[in-house]
Amino acid sequence: MAECSVFIDGKAALVPTGTTILQAAGAVGISIPTLCHHPNLPPIGVCRLCIVDVEVGDFHKQVAACHAEVQDGMTVRTATPELERARRFALELQVADHPSECLDGETGEPCELRDLARRYGVTKRRFMEDEARYPLDESSPVVTIDLNRCILCRRCTRACSLVQGQDILWIMGRGDESRVSPALSLPLRDTACVSCGQCLAHCPTGAIRDKHPLRPPVRPEAVVTSVCPYCGCGCQLDLNVSGEQILRVTSNFDGPANRGSLCAKGRFGYHFVESPDRLTRPRIRRDGRWEEASWDEALDLVATRLREIRDRHGPDALAVLSSAKATNEENYLIQKFARAVLGTNNVDHCARL
Amino acid sequence: MVGSNTTEQHPIIGIEMKKALRAGAALIVADPRRTELAGLAQFHLALRPGTDIALLNGMAHVILAEGLWDREFVAARTEGLEELKATVEAYPPALAAEIAGVPVESLVGAARAYAAAKPAAIFYTMGLTQHVTGHLNVLCLANLALLTGNLGKPGAGVNPLRGQNNVQGASDMGALPNVLPGYQQVHDPETRKKFEAAWGVPLPVASGITVMEMVDAIASGRLRGLYVIGENPMLTDPDLCHTREALGRAEFLVVQDLFMTETAALAQVVLPAVSFAEKDGTFTNTERRIQRIRRAIPRKGAARPDGEIICDLSARLGHPMVYRSQAEVMDEIARLTPSYRGVSYARLEGEGLQWPCPTPDHPGTPILHVTGFPRGRARLHGVNYIPPDERPDAEFPMVLTTGRVLHQYHSRTMTGRSPGLDALRPEPEVEINPQDAERLGIRSGDRVRLVSRRGMVEVNASVTERVAPGLVFLPFHYAQGAANLLTNPALDPVARIPELKVCAVRLEVPARSGRSGQACRDGGL
């Protein structure tokens, strides 16, 4: 494969032809600020935050690093004072109509615009526009669309059409009237939306957010990578944890089976974990009534009854139904228990159902 | 795609299917219902439920008769061609199409398109397998793939999409009555000797019984004690009235679960287990990829992981099983299971491993059968059409087929507790074709009654072209309007899988003063 030799902020990089400047910079550990860019989506170059200076021969220009590809012999500067001023200005325009509670961090939601504005010292508005021009679209059972926080980065529309292939969300209107909306400005509920939440996963500002969050949003204390407990696709996901509870489940873009995609169940289906009606103590039924019991009491009873039946009727009078929800290790132990401890091959699970 | 509503049941694989379509791939969908992918397909073969063998034999007939098969692959890697030829000769396209209830041009066109696409992949799920001919249906699919050389190469294969997060792993681990971990047969003395040496006890010789047979064995008194872990047969088994009667008769029933399920309600002891977020371990997905799950939060109350409960109980029964970590359990699995031998937790960070992974430096196996088949040559099977166990008649003139919907999952113990998912599909709806709806004076949203030989449910109607005239579809997730009160427990004699996809029903508009809800044939429940 043909390669290009480039210099980025004085660092030499050798990258394949077709690499964008943003990717090449990332390869040598230089991060360029972005808003509309998402590694999961084709570049679109609308937020202008990733502008960089490039020089190749006589050519000297500012280009969008997410979009522009490297050329052999190119010199790139990513953070000149002029570029940083331009970025700050772009951010000032972006925050002009952004809700102040979001910029102040009162929502507790992650917001890439807020993070960048703080980094560039954009703490108050120079250009004021009216806030809250749009009513919330709460018609979907799973997401709330709050256009007041929308920065028109088009990540959601690209995710909806290019990742999910559903084509529900579009940019409607022109110029100052541009907004993200389903076609014909229909409420989301009245469209063929499948409630996958891919839009939410790609939104940088919380303009599209979970309608029924597990807990009020705060910054997670830990992010633990796991695997979705629903179908057999094996999608990796991130459990965002705060205190002793799951705060939210977010996309993991490194998962080999899903590369960040999740479906409605895999993204919104975790209230069961934190449900107040979870069983938390063993229960024994006595005379038709349920009584809570200690583990010792419950397991002694189970062991006694299993042993009685085995002694009286033989091991094949017992059977164990294992679970496709349990782990490999647990299934291994369960079948070992049936075979080596109870002494029967009567062990199965729901593969047939 | 055969009997798979992929965009609803495996949505992330569905995304890839739709991407392939946008890139110009041809799609054939064989499904009685007009699913989303069926609507996008070049050929939608809306076969009568349970006529897969006729349809697939008809396609094999076309591929052979028109010389579209891969002579080189068949000669080098298969046997049984003459047997297959002799069988499918009896299924000319016109006859096969008539049995399956599809236009003959579609059947012929689909056969040609499948044979022409190089490579072509087959995907199937339980729409194909939950029949009294389930295993034969799979053999017919394998015939097509073998005839066209579509095995052992990228983008090809016969791919079952597994319906639960770890149904692949549960099977791999030997949670099956006839095999030990890694599909090692319990009746093989060498295998038993190996496990007996590792576990230090003599092992039972005779194969055990399957889930459906367990229910019958309790009813007949042969089985006395049942230990149910993380399953809810009281909603997911066919013929729930029978299941309930049987489980009610169990001398001892213990249920280990997160919630007080319909099955737990019948138990004598209920043990609280933890969710995937509260424990370490691995799941194996539908592409045989072993991936780590990690404990993220503390256990709820006194709830404990399934494995820990089992080890505690083992000790009380005189056989201590002691492991310091789940990684140590995996090490024991690897020692005893050839296809997992190279697996260890250190290797499972990141993208995981696809089995077979026979050595610690083996990279895993994304594609099976590249150079050979386990038995040497793959066998082509001549399979004859057998109709479903229960066919429509004067008393029960319609066919019911069951399945899942996008926003719910199994018996809703998980999805039913999420307000968003619950709101998307709070109640079951029966899909009815407009012709049948008009004949019976039914509109969408009307309460209707479905009656089979085993039970009755009342649910709301959804009038839609997704189902053909004479066919109704009802999802099985719901405790109220439980589809499995109606379904037929007849089993495939080999795979022991019940025919959940076909039973005969009668559709009625309930009289306003009549019974409501649901009932067993004898009026119970």
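Residues numbered from 1 in each chain as written. Chains lettered and ligands numbered in written order. Predicted model: local features only at pLDDT ≥ 70, side-chain atom pairs only at ≥ 80, totals over all residues.

**Q** How should I be thinking about the overall build of chain A in this particular structure?
**A** Helix and strand counts for chain A come out as nine helices and 16 strands. By the compact-globule yardstick of 20 Å for 353 residues, chain A is too spread out, its C-alpha radius of gyration being 27 Å. Along the longest, intermediate and shortest principal axes, the C-alpha atoms of chain A span 95 × 50 × 35 Å. Relative to its 353 residues, chain A shows a buried fraction of 49%. In chain A, the share of contacts with a sequence separation of at least 24, taken over all contacts with a separation of at least 6, comes to 57%. (Helix = DSSP H or I, 4+ residues; strand = E, 2+ residues; numbered from the N terminus. Rg over C-alpha atoms; globule rule 2.2 N^0.38 Å. Buried ≥ 20, exposed ≤ 12 C-beta atoms within 10 Å, placed from the backbone. Contact = placed C-beta atoms within 7 Å.)

**Q** Explain the overall build of chain B here, please?
**A** Assigned secondary structure in chain B consists of 19 helices and 21 strands. Overall, chain B is about 70 × 65 × 45 Å in size when its C-alpha atoms are taken along their principal axes. For chain B, the residues scored as buried account for 57% of the 525 residues in total.

**Q** I tried to follow the packing of helix H9 (residues 328-342) of chain A against helix H16 (residues 306-316) of chain B on my own but got confused; where do I start?
**A** For any two helices packed against each other, one specifies the crossing angle of their axes together with the interaxial distance. In contact at an axis separation of 8 Å, H9 of chain A and H16 of chain B are set at 20° when each is read in the N-to-C sense. Judged by the inter-axis angle, H9 of chain A sits roughly parallel to H16 of chain B. The crossing of H9 of chain A and H16 of chain B is left-handed. Contacts from Glu329, Glu330, Leu333, Ile334, Phe337 and Val341 of chain A in H9 of chain A reach Asp306, Gly307, Ile310, Cys311 and Ser314 of chain B in H16 of chain B. Looking at side-chain class alone, the contact of H9 of chain A with H16 of chain B contains six nonpolar, two polar and three charged residues. (Axes fitted to C-alpha atoms, helices over the stretch in contact; angles between N-to-C directions. Parallel < 35°, antiparallel > 145°, perpendicular 65-115°, else oblique. Left-handed = near helix turned anticlockwise from the far one by under 90°. Nonpolar A, V, L, I, M, F, W, Y, C, P; charged D, E, K, R; others polar.)

**Q** Explain the sheet that holds strand S15 (residues 318-321) of chain A to me, please; I cannot follow it from the model alone.
**A** Sheet architecture is open: seven strands sit in the order S14(A)-S13(A)-S10(B)-S9(B)-S8(B)-S15(A)-S16(A), paired in mixed fashion. Looking at strand neighbours, the two that pair on one side only are strand S14 (289-292) and strand S16 (347-348) of chain A, the edges of this open sheet. Both strand S13 (residues 283-286) of chain A and S14 of chain A contribute to a ladder of four bridges, which runs antiparallel. Across the sheet, Arg285 of chain A pairs through a bridge with Trp290 of chain A, a residue of S14 of chain A. Across the sheet, helix H8 (residues 295-313) of chain A lies against S13 and S15 of chain A together with strand S8 (225-229), strand S9 (252-257) and strand S10 (269-272) of chain B, angled at about 130° from S10 of chain B, the strand it touches most. (Pairing = 2+ DSSP bridges.)

**Q** I'm lost on the pairing of strand S11 (residues 236-242) of chain A in this one. Help?
**A** For a regular strand, side-chain orientation follows a simple rule: the groups alternate between the two sheet faces. All names here are of chain A. Among the seven residues of S11, five are classified as buried, and the element is accordingly described as predominantly covered. Strand direction decides the pairing type here: strand S10 (residues 222-227) and S11, joined by six bridges, are antiparallel. Bridging from a neighbouring strand, Val224 pairs with Leu239 of S11. Judged from the six bridges that link them, S11 and strand S12 (residues 245-251) form a sheet pairing that is antiparallel. The residue of S12 that forms the bridge with Ser242 is Gln245. What sits between S11 and S12 in their antiparallel hairpin is a turn of two residues, with Gly243 showing a positive phi close to 60°.

**Q** When you look at the domain arrangement of chain A in this model, what are you seeing that I'm missing?
**A** How big an interface is tends to be expressed through the accessible area that disappears when the partners come together. With domains assigned, chain A is organised as domain 1 (3-79), domain 2 (132-211), domain 3 (220-276), domain 4 (279-309) and domain 5 (314-353). Distance from the C-alpha centre of domain 3 of chain A to the C-alpha centre of domain 4 of chain A: 33 Å. (Domains from an automatic or database assignment.)

**Q** Explanation requested: the interface of chain B and chain A in the structure shown.
**A** Tallying the contact residues gives 118 residues for chain B and 98 residues for chain A. Taken together, the two bridges between S13 of chain A and S10 of chain B define a ladder with antiparallel strand orientation. Across the sheet, Arg283 of chain A pairs through a bridge with Val270 of chain B, a residue of S10 of chain B.

**Q** Looking at this model, I keep getting lost on the nonpolar core. Mind explaining?
**A** Core analysis: the biggest nonpolar cluster contains 148 residues, and Ala65 of chain A together with Leu45, Leu55, Met59, Leu107 and Leu141 of chain B have the highest contact counts within it. Counting residues per element, this core draws most heavily on helix H10 (residues 134-147) of chain B, at nine residues. In this structure, Leu107 of chain B is in contact with Leu45, Leu55, Gly58, Met59, Pro93, Ala96, Ala97 and Val102 of chain B, ignoring residues within four places of it in sequence. Core analysis: the second largest hydrophobic core is formed by 115 residues, Ile229, Phe396, Val459 and Leu474 of chain B among them. (Core = buried A, V, L, I, M, F, W, Y, C linked by C-beta atoms within 7 Å.)

**Q** Is there a simple way to think about the sheet that holds strand S4 (residues 59-64) of chain A in this case?
**A** In any sheet, the strands associate via hydrogen bonds between backbone groups, in a parallel or an antiparallel arrangement. Residue and element names in this part refer to chain A. As summarised here, the arrangement of the five strands in space is S2-S1-S5-S3-S4, forming an open sheet in which the pairing is mixed. Edge positions in the sheet fall to strand S2 (11-16) and S4, since each of these pairs with one other strand and no more. Adjacent strand axes in the sheet meet at a mean angle of 30° when their direction is disregarded. Two strands pair when backbone bridges link them, and strand S1 (residues 3-8) and strand S5 (residues 75-77) are joined in this way by two bridges, in the parallel orientation. Across the sheet, residue Ile8 finds its bridge partner in S5, namely Val76.

**Q** Is there a simple way to explain helix H6 (residues 81-88) of chain B in this structure?
**A** The periodicity of an α-helix, 3.6 residues per turn, causes residues three or four positions apart to be oriented the same way. Residue and element names in this part refer to chain B. Inspection of H6 places Leu84, Thr87 and Val88 among the buried residues, and these make up the whole buried set. Considered in projection along H6, the buried side chains sweep an arc of 85° and stay on one side of the axis. Structural note: H6 exposes Glu82 and Ala86 on the side pointing more than 90 degrees away from its buried face. The inward-facing, buried residues of H6 contact helix H4 (52-65) and H10. (Arc of directions from axis to C-beta.)

**Q** How do you make sense of unusual backbone geometry when you look at a structure like this?
**A** Excluding glycine, most residues fall at negative phi; most peptide bonds, likewise, are trans. Following Lys118 of chain B, the chain continues to Pro119 of chain B via a peptide bond in cis, the omega torsion being 0°. In the segment running from Trp355 of chain B into Pro356 of chain B, the intervening peptide bond is cis, with an omega of 0°. Within the element layout of this structure, Pro356 of chain B appears in the loop between strand S13 (353-354) and strand S14 (378-379). With phi around 55°, Leu152 of chain A is a residue other than glycine that occupies positive phi space. The backbone of His369 of chain B sits at a positive phi, close to 60°, despite the residue not being glycine. Its location among the elements puts His369 of chain B in the loop between S13 and S14. His369 of chain B gets classed as partly exposed once you count the C-beta atoms within 10 Å, which come to 17.

**Q** Even after reading the chapter, I still don't get the domain arrangement of chain B, so can you show me in this structure?
**A** All names here are of chain B. Annotation of chain B at the domain level lists domain 1 (6-161), domain 2 (167-354) and domain 3 (398-520). Domain 1 and domain 3 are separated by 28 Å when their C-alpha centres are compared. Contacts between the two partners involve 17 residues from domain 1 and, on the opposite side, 22 residues from domain 3. Breaking the side of domain 1 that touches domain 3 down by element, the ones donating at least two residues are helix H1 (6-9), helix H9 (126-129) and H10. Residues belonging to the side of domain 1 that touches domain 3 are distributed by class as follows: five nonpolar, nine polar and three charged.

**Q** I would appreciate a short explanation of the pairing of S10 of chain B in the present structure.
**A** Residue and element names in this part refer to chain B. Of the two faces of S10, both are covered, the one formed by Val269 and Leu271 as well as the one formed by Val270 and Pro272. Taken together, the four bridges between S9 and S10 define a ladder with parallel strand orientation. Directly across from Val255, in S10, lies its bridge partner Val270.

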